[in-house]
Structures are given as structure tokens and as C-alpha cells.
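# A structural walkthrough
Read off the chains here:
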Amino acid sequence: MHNLHSAIETNFHDSISGYYFVELDPTKRETKFGHKREYSWLWALCAMFEATNEVEKVDQNADLVDGIFNNIQHYYDPAPPVPGYGEYIVKLNKGQRYYDDNQWIGIAGLEIYERTGDTTYLDLGKAMYDFMMTAYDTKLGGGLYWRENDFESKNTCSNGPGVIVALKMYKATNKQAYLDTALMIYNWTNEKLQTPTGLFYDNIKTEDESIGKAIYSYNTGTMLQSNVYLYEITGDEKYLKEAIKLADSSLEYFYGNGQFRDGYWFNAVLLRGYQHLLKHHKDLKYILGFKKALDKALTEDKSDKGLFASNGSTYNLVEHGGMLEILARFTHLEDNYDLGNSK
């Protein structure tokens, strides 16, 4: 965990500008809205924000999240109807605002508030909730759009984390309106986007209600963890049973072949659900199945820089933030559970 964090700071953090790179290879940096983007888009900073919070949980001497949060302020866009964070450094190239990016920031902020009591991060969670609710309308019966001013689809990646933001705001404030919102989005997502096997499709198109049938680990992860939170808040066993169902379906689908099916950061989000479920369902099979894939990645994908690569191409900052979060979470898991040796 510490070695990877050092490698990320050495390679991805630009000491001259203070910004982060998302790609180390300049030829892989995107051009969007007519501008070459040398530095990181917001999503990668979201991954680092979440990861550094997990590092601080297991290393009390680490002092990392405030630095990432300060870096994220370069993406702050106060435009109406509600302030939020844009996809790129505002003064360089404004871009769009993605609801899921802001939700990941809100989730991490509320995690930090729960851990530290710092109300700066409760205020951040509230701001991210307010921004995400501008994504709601009644087309298709409800649900949240994926990005601002784009009404093409409503996605699991903006609804699953939306449930968690609302639930964490309810836990922080005990205001019923947050729980009502969470249940409204939760029920809509299950109705519109859950697969027959209990996983989740990527999106539903607003024009014709066609389904984008890609299945990613992070979408199951947010809905799994939503069920765990709902069980804790309501005490209703149906939510725990649903969480176990999602864990069982995802274990076979994503880890049945002993390797990660999709990116590290996507898997980090599913790991959050597995780790949270352990509080109420003590079966370690989900963590051990995940660990086999993690061990394979650690064995085969590490580069001589201490980073991660495939076919000679270094992964971007999103994936490194995801792996950093995974390693921090496994630091905690190995301290508290006997994981044995699953290699």
C-alpha cells in the first residue's frame, strides 16, 4: 500500500503545476472540446480521494485526504442550477459535470466525516447530494441521469452511488427526506436495471427504454452496499438477503475464473460491498474469491516502477487509485480476519 502510494506520487503528481496526470504516456492524453488535456480528469481524483481515506483508516500517521480534496477544488464549478465539480480543471477547459463523479466525492466526504467528525466533509456530502438531485426527473418513472444536460440515458453508475449518498446523509442527519430519496432511487434501479441473475445492467435509454447490457463490477458493488446500509437502518431482513444474493451472483460472475474481469477501480467498489457485508454475514468466500484475483494482479501486473501495467502499457490514475484502495482495504481485512493463503 505504502509503496504504491509513493509510486503514484512520484509518477503521476506533477511537481511543477501541482496537478495530477491521468496518463503517463502523453500520446494517450485525450483531446476534448478542442483542448488537449495534459492533466487528470476528475474521476481519477475521485479514486484517489476514496483511496487515501482508506489509507488513513489503517495508518493513523498518514495525512493524505486533505491534500487530494484541495486538488479537487481546481475542478469546482459554481454554475447554476447547483454548484458541483466539473470533469476537468475549470480554468484550463471547463468540460461537463458528471453526476457520478460528484457522488463519489460525496461518498468519500461522508466517510471522512464519519471517521473524523470534520463538518467540512459533512457539508461536502450535502453539496454533492444537492447537485445529484438536479439529475432527477420523472422520465422512465424516476431515476438519475449520468451527466448534466445529457438526457440520453439513466445509468446504474449514477443511481447506485446516489442511493449511498442519500443513505449516508440520512445516517449523518437522521432526516427522513434522505431515506425517502434513497428508497425511491433504490426501487427504481432494481426495477429498471437489475438482471435476471441479480447483477446490474449499465443503463436504460430514455428515448426507447432499450437497455445497455454491459455488466460492470462497480454497479453491483454500489447496489450491494446499498442493501447492507438499508438493512442496518431499517432492520428489515429482506435487504440482508438481497445483499447476500448480489454477493453470490457477483462472486461467480466476476471472480469465478480467478482474475479481475474489469478494471481495478470498478472492483474496489465491489470490494466495499463485500467488506461491509462481512459485518452481518461472516462468510469469507467473497473476500477470498476476490483475493485470488488480487494475488494474480499483484504477481503479473506490477511494473519495475512499482506501478501496474498490461502488455507494456501503464494503467492510468483511475486504476492506480483503485488498486491503492484495494490494498488499503486488504490491510484492514488481514488485520481482522484469517485470510490464509489463496494463491
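Refer to the structure above for everything that follows.
A brief report on the enclosed structure follows. Everything quoted here is computed from the prediction, not taken from an experiment. (Residues numbered from 1 in each chain as written. Predicted model: local features only at pLDDT ≥ 70, side-chain atom pairs only at ≥ 80, totals over all residues. Heavy atoms only, no water.)

### Description of the overall build of the protein
Helix and strand content of the protein: 12 helices and 10 strands. Here the protein has a C-alpha radius of gyration of 19 Å; the compact-globule value for 343 residues is 20 Å, and the two agree. Taken along its principal axes, the extent of the C-alpha atoms in the protein is 50 × 50 × 40 Å. Expressed as a percentage of the 343 residues in the protein, the buried residues total 58%. Once local pairs closer than 6 in sequence are excluded, the contacts in the protein between residues at least 24 apart make up 64%. Carbon and sulfur atoms make up 47% of the accessible area of the protein, which amounts to about 14,200 Å² in all. Computing the positive centroid from 35 side-chain charges and the negative centroid from 48, the protein places the two 2 Å apart. (Helix = DSSP H or I, 4+ residues; strand = E, 2+ residues; numbered from the N terminus. Rg over C-alpha atoms; globule rule 2.2 N^0.38 Å. Buried < 20%, exposed > 50% of the residue type's maximum accessible area, 1.4 Å probe, protein only. Contact = heavy atoms within 4.5 Å. Areas by Shrake-Rupley, 256 points an atom, 1.4 Å probe, with all protein chains shown as cover. Lys, Arg positive; Asp, Glu negative; His and termini not counted. Charge placed at Lys NZ, Arg CZ, Asp CG, Glu CD.)

### Observations concerning the sheet that holds strand 6 (residues 150-155)
The four strands lie next to each other as 5-6-7-8, forming an open sheet whose pairing is antiparallel. Of all strands in the sheet, those bounded by a partner on one side alone are strand 5 (145-147) and strand 8 (211-215). Neighbour to neighbour, the strand axes of the sheet diverge by 35 degrees on average, direction disregarded. Running at roughly 60 degrees to strand 6, helix 6 (residues 156-173) makes contact with strand 5, strand 6 and strand 7 (201-205) of the sheet. The sheet contacts of helix 7 (residues 176-193) involve strand 6, strand 7 and strand 8, and relative to strand 7 the element is tilted by about 90 degrees. (Pairing = 2+ DSSP bridges. Axes fitted to C-alpha atoms, helices over the stretch in contact; angles between N-to-C directions.)

### Let's talk about the pairing of strand 6
Relative to strand 6, strand 5 runs antiparallel, the two sharing two bridges. The partner of Tyr-145 across the bridge, within strand 6, is Lys-154. Between strand 5 and strand 6, which follow one another and run antiparallel, lie two residues, and Asn-149 among them has a positive phi close to 60 degrees. Of the strand pairs in this sheet, strand 6 and strand 7 are connected by three bridges, and their pairing is antiparallel. Within strand 7, the residue paired with Lys-154 across the bridge is Ile-204.

### Thoughts on the packing of helix 2 (residues 42-58) against helix 12 (residues 317-336)
Orientation of helix 2 relative to helix 12, taken along the N-to-C sense of each, is 20 degrees, at an axis distance of 8 Å. Considering the angle they form, helix 2 stands roughly parallel to helix 12. Helix 12 is crossed by helix 2, and the crossing has left-handed handedness. Facing helix 2, whose interface residues are Trp-43, Ala-44, Ala-47, Met-48, Glu-50, Ala-51, Glu-54, Val-55 and Val-58, helix 12 presents Leu-317, Val-318, Gly-321, Gly-322, Leu-324, Glu-325, Ala-328, Arg-329, Thr-331 and His-332. Residues belonging to the contact of helix 2 with helix 12 are distributed by class as follows: 11 nonpolar, four polar and four charged. (Parallel < 35°, antiparallel > 145°, perpendicular 65-115°, else oblique. Left-handed = near helix turned anticlockwise from the far one by under 90°. Nonpolar A, V, L, I, M, F, W, Y, C, P; charged D, E, K, R; others polar.)

### Comments concerning the nonpolar core
Ranked by internal contacts, the top residues of the largest apolar core, which has 113 residues, are Phe-49, Tyr-274 and Ile-326. Dropping the residues within four chain positions of it, Tyr-274 is found in contact with Leu-224, Ala-247, Ser-250, Leu-251, Tyr-255, Tyr-286, Ile-287 and Phe-290. (Core = buried A, V, L, I, M, F, W, Y, C linked by side-chain atoms within 4.5 Å.)

### Topic: the packing of aromatic side chains
Following the criterion strictly, the structure yields 32 aromatic pairs and no others. Each ring, one from Phe-254 and one from Tyr-255, has its centre 6.4 Å from the other, and the planes form 50 degrees; the classification is tilted. Accessibility assignment for this pair places Phe-254 and Tyr-255 in one class, buried. For the ring pair Phe-260 and Tyr-264, a centre distance of 5.9 Å and an interplane angle of 70 degrees mean the geometry is edge-to-face. With a relative accessible area of 5%, Tyr-264 lands in the buried category. Within the aromatic cluster, the residues linked to one another by ring pairs are Tyr-253, Phe-254, Tyr-255, Phe-260, Tyr-264, Tyr-274, Tyr-286, Phe-290, Phe-308, Tyr-315 and Phe-330. Its guanidinium or amino end placed over the ring of Tyr-145, Lys-154 lies 4.6 Å from that ring's centre, counting from NZ or CZ. In this structure, Arg-261 is placed above the aromatic ring of Tyr-253, and the distance from its NZ or CZ to the ring centre is 3.9 Å. (Phe/Tyr/Trp six-rings, centres within 6.5 Å; stacked < 30°, edge-to-face > 60°. Lys NZ or Arg CZ within 6 Å of the ring centre and 35° of its normal.)

### Regarding the pairing of strand 8
Pairing of strand 7 with strand 8 involves three bridges; the strand directions are antiparallel. Opposite Asn-203, over in strand 8, you have Gly-212 as the bridge partner. Between strand 7 and strand 8, which pair antiparallel and follow one another directly, the connecting turn spans five residues, one of which, Glu-209, has a positive phi of 65 degrees.

### With respect to a negative patch on the surface
Taken together, the side chains of Asp-63, Asp-66, Asp-118 and Asp-123 make up a negatively charged region of the molecular surface. Mapped onto the elements, Asp-123 comes out in helix 5 (residues 119-132). (Patch = residues over 30% accessible without salt bridge, like charges linked within 9 Å, V, L, I, M, F, W, Y side chains within 5 Å. Salt bridge = Lys/Arg side-chain N within 4 Å of Asp/Glu carboxyl O.)

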